[in-house]
Structures are given as structure tokens and as C-alpha cells.
Amino acid sequence: MDPVAAPSARGGQGCPGSGTADPVLSGYDNQWLGAVLPGAAAALGHRLPDLPAVPLPAARRVCVVLVDGLGSRQLAESSRAAPFLAAAPTLELTAGCPTTTATSMASFGTGQSPGRHGIAGYSVLNPATDTVVNQLRWDFDEPPRQWQALPTVFELLADPALAGLDRTALRSAAIGNPEFAGSGLTEAAHRGTEFFGHKRLAPRVDLAVSLLKDPDGPRLVYLYWGAVDAAGHRHGWRSSDWRRALQRTDAELHRLARSLPAGCLLLVTADHGMVDAAAHDRVDLADRPELRSGVRHVGGEPRLLQVYTEPGAAGAVADRLADLAHERAWVRTREQAIAEGWFGQVSASVQPRIGDVLVAGRGEFTLVDSDTMTPDELGLVGYHGSLTEGEQYVPLVVLPT
């Protein structure tokens, strides 16, 4: 693919979930979520060229756990609910843009920036059909291997020739929700590994330990857990429900750490953080018909809306939305966001998937469209997607055993 822009440096500071002078951007470097699996591969002696890698100690086996929705700022403020994770040696990574599960899963799985792998939002425009498609639920007919054609890290390890390497293959395994097996997002982001499905966390931990203790088993095991994110969406990350979900997760991960064989490296990270976005700081496009002028489609999500405009209307639409949001959001045209490095290096084929105008919430601001969003999406307490510290920064716990 032909890159049309290069990433800029990381920027912006501020309190968790708050507005900052500038959006917090990823450098898409070795301090980024996409560098975790290449780092794990390098720790196992399988350095992948051209992919940034988190520096990690050498290991015989690696277990990577991704806790959906556990931003580093949320973890730091909830240490009593997560004594194991809070006390562990931890690095801080950026998630990328947008800070949403579909995008982060593809970044994590491929080691490529959103502008390269093309899963650049919760819902984006499919230019071939001129329709907005949901990349988390994969509610469209585009084959995952065509929509996201870059090899995943799991594929590069299973078939080193894909990376131009002459060495033995490395087996891996993934453990997650049973319904993820063969799903569109799994095929796009995590193909190339053996998948196991379990509903509860305890059996996932048991299986990970069993696989990593097997002399003939996979040397890299990836485990996903989504209950923390689900509790945050429904009740808010400052709620007692969220703290209980985190507490249960922390206890199981502590058990995992105690059970892993010697020489195994345990990594715990997340795909994004979260903001409790109050409904009172919300604008609904359905209630503001004057904002619809020049708008063809609405995608993205409430914390980072992606607006697709009629030809030539992007500037006027951006101006109206900037006037509306004032200091409650960062508003950029697609060209401005690409030039600032929001999506990293952007390929020509991915560029039209990105909104003509992007509205990234600061503070608790959300911009919604009740004509296109479901009641469940509109009724959430916790949201993510934007580029605040509370959404962008994620932990990387590093524990040799």
C-alpha cells in the first residue's frame, strides 16, 4: 500500500478524561500497544523486521493478557481493587486512534498503525458501497482478509517466510469469548493462531497455564478478558460494579502469575481506557437539523465521531462543529488529522474510510446521532474513543516467572 502521510510525535498532557490543550497522540513506536506482540516475539528469539517492539527480557514462553477497557489511569486510581496489578512493574503505552476495541485489536494483532491496517474506528465508511459498517460486529459482507490484508503477527510467526525470514515456525494460541471464533474481527486482526473459547475467566487461566506447561505446546499464548470494559460501559468506571469486575480479574491474574512455569514471561495490557461521559454534556445531531447540512453519513462513536460529508462540504461542516463544541472537543478535517499523525502512516486505500470531519471529545463531551445509534449505545455511562489521557494510555505489566 502507498503511504500518504507519516506519523508525528506524541503530544498533549492533562488529567484522566479531561480536556487538554492538544490531543494525546501515539507515536506508533515501541511505546505503543501494537509493539506488544512483536516484543513478545523478540523475547522468544523471533524478532520481526519492520515492526516496532517493546523491549522485553528473553523468555522460553510468553503469556499476553489483554484486559479490555483497563486504562493505566483507571488502574492507578483503583489500586485497592487491583493489588496484584497495581504493585507489578508496569510500563505505559499509547493505544492509538481511535481508542476503541476494533481498532486496538487490529493494531495489537498486526503491529501496524490504524492508517495501515484500515480498521480505523468502531464504524467507518465502506467506500465500495457508500455505507457505514460496524467493524466490531462485522455487519458487512467484505471478506476480513481483503478488508485487512496485512499479515498478523501470529501469521508471521506461524509462517516466517511471509516476513522474508528463514527460520522455524513458532506456535501460538488465543483464548477468548467462544463467539469470537471465526468472527470477522478475529479473522481480520488475529488470524494465524489456534483459538480456544471459554465463557469464564478461570477456565481461560487454567487453559493458558496448561498450554504453557506442555513441552510440546505453544510458546506464545494470548488471553482476552472483557468483563472490566463491559462493567465500565454499563455502570461507569468509577462505580462499585466496575471495581468488583476489576477485583475479580486481578485475583485471577494473580493466580495465573503464580501458576505459570519458570522461564515464562507474563504481560498484561489493555486496548484503551475509559471516560464516564455525563449525558448532560451531550449534543444529539438528530435534534440539531442545522448541523446536518452537507453531512452524508455519520460513523465512529460518541467520543470520536467520524462525519462523512458531501463533496466540498468538509470545511464548512468542520467549522460548524468546532463552533458548537468550542473547547469541549478537538475538531479536525481528515487531512488535518492525518497530517498531525492521529492514525499513524495512512495508506491510500484506507484514507477514504476515515471521516471527512473528526470530533474527538474532551472532558465528558459526547456527540451522538440518535437517528443512527442504538438505544444501548446511547444509554451507556462509560465511553472511549477519544484522545485524552484517560482513554489513550494503557498499562503494560511485565512479570518474568
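Scroll up to find the structure this text is about.
A quick note: this is a predicted structure, and the numbers were derived from the prediction, not measured.

K.L.:
Help me understand helix H12 (residues 314-325) in this model?
P.N.:
Counting along an α-helix, one turn takes 3.6 residues, and residues three or four places apart therefore face a common direction. For H12, which comprises twelve residues, the first-to-last C-alpha distance of 16 Å matches the rise-based estimate of 16 Å (1.5 Å per residue) to within 8%. Along H12, the residues that are buried comprise Ala314, Val317, Ala318, Leu321, Leu324 and Ala325. Looking straight down H12, one finds its buried side chains confined to an arc of 125°; they lie on one side. Among the exposed residues of H12, those oriented more than 90 degrees off its buried face are Asp319 and Asp323. Close packing links the buried residues of H12 with strand E11 (282-284), strand E12 (295-301), strand E13 (304-309), strand E14 (329-333), strand E16 (357-361) and strand E17 (366-368). One or two positions beyond H12, positive phi appears at His326, with a value near 55°.

K.L.:
What should I look at first to understand the sheet that holds strand E19 (residues 393-400) in this one?
P.N.:
One key point about sheets: their strands pair by backbone hydrogen bonds, in either a parallel or an antiparallel sense. In spatial order, the strands read E3-E19-E9-E2-E8-E6-E7; together these seven strands make up an open sheet with mixed pairing. The open sheet has two edge strands with one neighbour each: strand E3 (90-94) and strand E7 (194-197). Within the sheet, the average angular offset between the axes of one strand and its neighbour, ignoring direction, is 20°. Direction of pairing for strand E6 (residues 172-176) relative to strand E8 (residues 220-225): parallel, over a ladder of four bridges.

K.L.:
Got a minute to help me understand the packing of aromatic side chains in this structure?
P.N.:
What characterises a pair of aromatic rings is the spacing of the ring centres plus the angle enclosed by the ring planes. In total, this model carries seven aromatic pairs according to the counting rule given. Seen from their ring centres, Phe108 and Tyr222 are 5.0 Å apart, and the 50° between their planes marks the pair as tilted. Of the two residues, Phe108 sits in helix H4 (residues 101-110) while Tyr222 sits in strand E8, which places them 114 residues apart along the sequence. Judged by its relative accessible area of 0%, Phe108 is buried. A relative accessible area of 4% places Tyr222 in the buried class. Taken together, a centroid distance of 5.7 Å and an interplanar angle of 75° make the contact between Trp237 and Trp242 edge-to-face. An aromatic cluster of three or more residues is present, and its members are Phe108, Phe154 and Tyr222. Of note, Arg353 hangs over the ring of Trp147, and the distance from its end group to the ring centre comes to 3.6 Å.

Conventions and cut-offs
Throughout, residues of each chain are indexed from 1 in the direction in which the sequence is written. Local features are withheld for residues below a pLDDT of 70 in this predicted model, meaning they are given only at 70 or higher, and side-chain atom pairs are given and counted only at 80 or more; totals for whole chains, interfaces and linings count all residues. As a convention, hydrogens and water are excluded, and side-chain values are obtained from all of the structure's heavy atoms. Secondary structure elements are taken from DSSP: a helix is a run of H or I of four residues or more, a strand is a run of E of two residues or more, and numbering for both begins at the N terminus. What a helix should span is 1.5 Å times the count of its residues minus one. Per-residue accessibility, obtained with a 1.4 Å probe over protein chains only, is compared with the maximum for each type, and a residue is labelled buried under 20%, exposed over 50%, and partly exposed between these values. What the arc describes is the spread of directions from the helix axis to the C-beta atoms. The contact rule is simple, with two residues in contact once any of their heavy atoms fall within 4.5 Å. When DSSP finds at least two bridges between two strands, those strands are taken to pair. Fitting a line to C-alpha atoms yields each axis, with helices limited to the stretch in contact; the angle taken between N-to-C directions then spans 0 to 180 degrees. Stacked, edge-to-face and tilted are the three classes for Phe, Tyr and Trp ring pairs, Trp counted by its six-membered ring, which pair at centre distances within 6.5 Å; planes under 30 degrees apart are stacked, over 60 edge-to-face, the rest tilted. Criterion for a charge above a ring: Arg CZ or Lys NZ at most 6 Å from the ring centre, at most 35 degrees from the ring normal.

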